[in-house]
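# Topology and contacts: notes
Listed here are the chains, written in short residue letters.
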Amino acid sequence: MTCFIDTHAHLDAREFDADRTSVHQRARAAGVACCVIPAVEAANFDTVRLLAHAQQDAYALGIHPLYTPQATESHLTQLDAGLTAHRDDPRLVAVGEIGLDGFVPEVNTPNALAKQQLFYKAQLKLAQQHQLPVILHVRRSADLLLKGLRDTPVVGGIAHAFNGSLQQAQAFIALGFKLGFGGALTYDRALQLRRLATELPLSAIVLETDAPDIPPHWRYTTAERRGAGEPQGRNEPAELPRIAQVLAELRGISLDALAQATHINARQALPRLQ
Ligand SMILES: [Zn+2]
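What comes next is a walk through the structure.

## Some remarks on the coordination of the zinc ion
Coordination of the zinc ion by the protein comes from His8 (NE2), His10 (NE2) and Glu97 (OE), over a distance range of 2.0 to 2.1 Å. Taken in sequence order, the residues that donate to the zinc ion follow the motif H-x1-H-x86-E. Residue His8 is found in the loop between β1 (4-6) and α1 (20-29), and its partner Glu97 is found in strand β4 (residues 92-101); the two are separated by 89 residues along the sequence. An identical accessibility class is assigned to His8 and Glu97; each is buried.

Laid out in structure tokens, this is it:
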């Protein structure tokens, strides 16, 4: 069976509290052999680690840029301690999810942006010290992220849910990164993103769902239906093969060829992935 790696799935999110085991079983039944579960704050470091072990998945430890307003210096100490304590854990594959968000207003006041930068730089240093790749949150922040990586080089990683320019993509690739693509590709109107995912070398691409977020179009609830009380559709790792099928068609290759290539790419980006 064609086998996939979901390089970004927040399986600890409360959206999965009611049916986490079925979500896991559906993923495996669909051919998703492994999910990478990134942490978002110090409070969920243990949760993602235990979940990854319980489900035979992988995990990353880090502080997400949208969680920096409530983060403190001691959370960086906790991150350092966690990376040290679990350095021989083969399921710990990266520092993440870290990065910068240039979109959400609350984290873009001058003070909040400075705090995002402080946590981004400190976590790059930790990734460097622990010789781990990073999983990056990129939203209207590619150039600032690239600057950080040039100042504090790391062994590589993944720019997740990538939606920048071809030039920015090439800059990440030159620094040893892969670009993560997922549900956003499934929208016909995502012309620029689709062109990017078609133009990039296949060796630069990894697949992800970002579950429970970024639902593919067949799971998306329109604003009108939400207005009528329906919740936004939930994404889950079992959707990955169908998302991949869209990319395979855009690139004119077989689903199998895409699965094999992205599997290799994911292991290059995150060498500890089994
Ligand atoms: Zn994420």
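Still to come is the rest of the account.
## Brief notes about the packing of aromatic side chains
Applying the stated rule across the entire model yields three aromatic pairs. An angle of 65° between the planes, with centres 5.8 Å apart, marks the rings of Phe172 and Phe177 as edge-to-face. With a relative accessible area of 0%, Phe172 lands in the buried category. You can call Phe177 buried: its relative accessible area is 3%.

## Notes on unusual backbone geometry
Geometrically, the link from Gly96 to Glu97 is a cis peptide bond, its omega value of 10° lying close to zero. Cis peptide bonds are those with omega within 30 degrees of zero, and the linkage from Ala211 to Pro212 qualifies with 5°. Unlike most non-glycine residues, Gln131 shows phi in positive territory, near 50°. Within the fold, Gln131 resides in the loop between α4 (110-129) and β5 (134-139). One non-glycine residue, Asp210, lies in the positive phi region at around 60°. Mapped onto the elements, Asp210 comes out in the loop between β8 (205-207) and α8 (223-227).

## Topic: helix α3 (residues 73-85)
In this model α3 runs 19 Å from its N-terminal to its C-terminal C-alpha over 13 residues, within 8% of the 18 Å that 1.5 Å per residue would give. Residues Leu76, Leu79, Gly82 and Leu83 constitute the buried set of α3. Looking down the long axis of α3, one finds its buried residues gathered within 120° of arc, a one-sided arrangement. Turned more than 90 degrees off the buried face of α3, the exposed positions are Glu73, Thr77 and Ala85. Where α3 is buried, its residues contact α2 (45-55), β3 (58-61), β4 and α4.

## Looking at the packing of helix α7 (residues 191-199) against helix α9 (residues 240-251)
Two elements in contact, α7 and α9, have axes separated by 9 Å at closest approach and are oriented at 70°. What the angle tells us is that α7 and α9 run roughly perpendicular. α9 is crossed by α7, and the crossing has right-handed handedness. Contact residues: Arg194, Ala197 and Thr198 in α7; Val246, Leu247, Leu250 and Arg251 in α9. Taken together, the residues that form the contact of α7 with α9 break down as four nonpolar, one polar and two charged.

## Observations concerning the nonpolar core
Membership of the largest hydrophobic core comes to 66 residues, with the highest contact counts inside it found for Leu61, Val134, Leu136, Phe172, Leu179 and Phe181. Among the elements that make up this core, the one with the highest residue count is α4 (five residues). Core analysis: the second largest hydrophobic core is formed by 14 residues, Ala60, Ile135, Ile158 and Ala266 among them.

## So, the packing of helix α5 (residues 142-151) against helix α6 (residues 166-174)
Here α5 crosses α6 at 20°, and the two axes come no closer than 11 Å. When the axes of α5 and α6 are compared, the pair comes out roughly parallel. The two elements α5 and α6 cross, and the hand of that crossing is left-handed. Across the interface between the two elements, Ala142, Asp143, Leu145, Leu146, Leu149 and Arg150 of α5 pack against Gln168, Ala171 and Phe172 of α6. Class assignment of the residues belonging to the contact of α5 with α6 gives a composition of six nonpolar, one polar and two charged.

## Examining the pairing of strand β2 (residues 32-38)
In terms of burial, β2 is a largely internal element, six of the seven residues being buried. Bridge count between β1 and β2: three bridges; the pairing is parallel. Pairing of Phe4 across the sheet is with Val32, part of β2. Pairing geometry for β2 and β3, over three bridges, is parallel. Residue pairing in the sheet places Val36 in a bridge with Ala58 of β3.

## Quick word on the pairing of strand β7 (residues 177-181)
Among the five residues in β7, five count as buried, and that is most of the element. In β7, alternate side chains face the same way, and those of Phe177, Leu179 and Phe181 on one face and Lys178 and Gly180 on the other are all buried. As paired elements, strand β6 (residues 157-160) and β7 share three bridges and run parallel to each other. Its bridge partner being in β7, Gly157 is matched across the sheet by Phe177. Of the crossover connections in this fold, the one passing from β6 over α6 to the parallel β7 is right-handed.

Procedures and definitions
- Residues numbered from 1 in each chain as written.
- Predicted model: local features only at pLDDT ≥ 70, side-chain atom pairs only at ≥ 80, totals over all residues.
- Heavy atoms only, no water.
- Donors = N, O, S within 2.8 Å, 3.2 Å for Na, K, Ca; no water.
- Helix = DSSP H or I, 4+ residues; strand = E, 2+ residues; numbered from the N terminus.
- Buried < 20%, exposed > 50% of the residue type's maximum accessible area, 1.4 Å probe, protein only.
- Phe/Tyr/Trp six-rings, centres within 6.5 Å; stacked < 30°, edge-to-face > 60°.
- Expected span 1.5 Å × (residues − 1).
- Arc of directions from axis to C-beta.
- Contact = heavy atoms within 4.5 Å.
- Axes fitted to C-alpha atoms, helices over the stretch in contact; angles between N-to-C directions.
- Parallel < 35°, antiparallel > 145°, perpendicular 65-115°, else oblique.
- Left-handed = near helix turned anticlockwise from the far one by under 90°.
- Nonpolar A, V, L, I, M, F, W, Y, C, P; charged D, E, K, R; others polar.
- Core = buried A, V, L, I, M, F, W, Y, C linked by side-chain atoms within 4.5 Å.
- Pairing = 2+ DSSP bridges.
- Right-handed = clockwise from strand over helix to strand, strands pointing away.

Any functional reading would require information beyond the geometric quantities listed.
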